[in-house]
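These are the residues of each chain, in order.
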Amino acid sequence: FICVTLLDYLAYLFAKARGVRFLNLRPTRIGDRIAFSHFLNDPSPELALQYQRLLAGERSQFEEEARRYIQRVREQHGRYEGVVRPSDKPALKSNASKFARIDQLFSAIRAYWNYRNSTAASDNHVPDPLRRLYFTAWRNPKQAHRTREFFKRHYVREADIQGLRYVFFPLHTEPEVSLLVYGRPYVNQIEIARMLAMSLPVDMVLIVKEHPWMVGKRSIAAYQKMLDIPRVRLADPALEARVLVEQADLVAVVTGSVALEAAMLDRPVITFGDCPYNLLPNTMVRRCADPRHLQTVIRDAIADHESDEIALLAFVTAVFESSVSVNLYSVLLGKSNVHAERNAAYIEEIENLTEHLVAL
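Let me sum up the structure you'll find in this document. Worth saying up front: this structure is predicted, and the values here are computed from it rather than measured. Here the residue index of a chain counts from 1 through its sequence in written order. At least 70 in pLDDT is required for a residue's local features to be given in this predicted model, at least 80 for side-chain atom pairs to be given and counted, and no such filter applies to totals for whole chains, interfaces and linings, which use all residues. Only heavy atoms go into the side-chain values, all of them from the structure, while hydrogens and water stay out.

Take the overall build of the chain next. Strands here mean DSSP runs of E at least two residues long; helices mean DSSP runs of H or I at least four residues long; both are numbered from the N terminus. Check the secondary structure of the chain and you find 14 helices and nine strands. Against the compact-globule benchmark of 21 Å for 360 residues, the chain has a radius of gyration of 22 Å, which places it among compact chains. Seen through its C-alpha atoms, the chain measures out along the principal axes to roughly 65 × 55 × 40 Å. Burial status follows relative accessibility: with a 1.4 Å probe on protein chains alone, a residue under 20% of its type maximum counts as buried, one over 50% as exposed, and anything between as partly exposed. Residues classed as buried in the chain amount to 47% of the 360 residues present. Radius of gyration here is computed from C-alpha atoms only, and the compact-globule reference equals 2.2 Å multiplied by the residue count raised to the power 0.38.

What follows is the structure, given as structure tokens:
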């Protein structure tokens, strides 16, 4: 599931060298669609091949479903299954209140004792319950409050963007596969903001918005470093990214899914990393492969922008064609406080995933 660790990568290399089939499971960021790929980076060869076939005129049973999805994004939102809703408060809430009763306290102590004596305690993917409680009950909420109070006079809100010319740059969570794998070498987001701000036309500003999952986690010093860059503004974390996308002159991302929504809303996009939607024409999505040319890339992306409905429909249809509908985050991974496209039972989602895997 989303190759991101050294051992994941070594497993991929060994499998490739020995001719063993390798499948990398990852979300498509389109609705509740998830897909398997034989490769680690985007765009996957499977998706690229299907996209080219559809562009060449091949018909697909998913074309109408893709058309409806594009229409929904344009009329409503582009939220996908598992995404965290925007807020100025931490995405994770603590379960500290459950310790109010003595019996629940003893139950929690027993659960922690069982954790310490299990193999999970040596797995860095499974957080220590006490450490998790410290962050969710105290550290993150306190940091979110301090950040909100410190920057509330500087936040850009919806009323402030009327008539303003700006580039919108949504931040990623850290650490995250979007930066560490798909976004190399663009892992320093403060420096990306600096490069963008230095490359803008003189009458534009850069609006940076925090990822909802990072609220209460990033330091005040990090935000201050961004605001110290001339022409950089910090958006209110509670502001919907959609609002900023709709009025932006340009949307810039490392690999973020906001870019696809922007393309559907007829906004020019530039990317820095490996994105599936890099398959779209340069008139819609333009990749900056060399930051020395960023000023030219920004200028051309705005000046030459033109929506290509045929290519957009082919891309979304290709995603539907090569994926399956599964509530990966909200049901299979049991994540709370995330967007879900529909209600589903655990066993049903396992069966959907199994059928798709067997059919590959």
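Having put the structure on the table, let's press on.
Moving on: the pairing of strand β3 (residues 166-170). Across the five residues of β3, five count as buried, placing the element largely inside the fold. Burial of the side chains of β3 extends over both faces: Tyr166, Phe168 and Pro170 are buried on one face and Val167 and Phe169 on the other. At least two DSSP bridges between two strands are needed for those strands to be called paired. Note: β3 against strand β4 (residues 205-209), five bridges, orientation parallel. Its bridge partner being in β4, Phe168 is matched across the sheet by Ile207.

The next thing to look at is the sheet that holds strand β2 (residues 33-37). Taking strand neighbours across the sheet as the criterion, the three strands line up as β1-β2-β9 in an open arrangement whose pairing is antiparallel. Strand pairing shows two members of the sheet lacking a second neighbour, β1 (24-27) and β9 (324-325), which therefore form its edges. Of the pairings in the sheet, the one linking β1 to β2 comprises four bridges and is antiparallel in character. Bridging from a neighbouring strand, Asn24 pairs with Ser37 of β2.

In this structure, His293 sits in the loop between β8 (285-287) and α11 (294-303). According to the relative accessible area criterion, His293 is partly exposed, its value standing at 45%.

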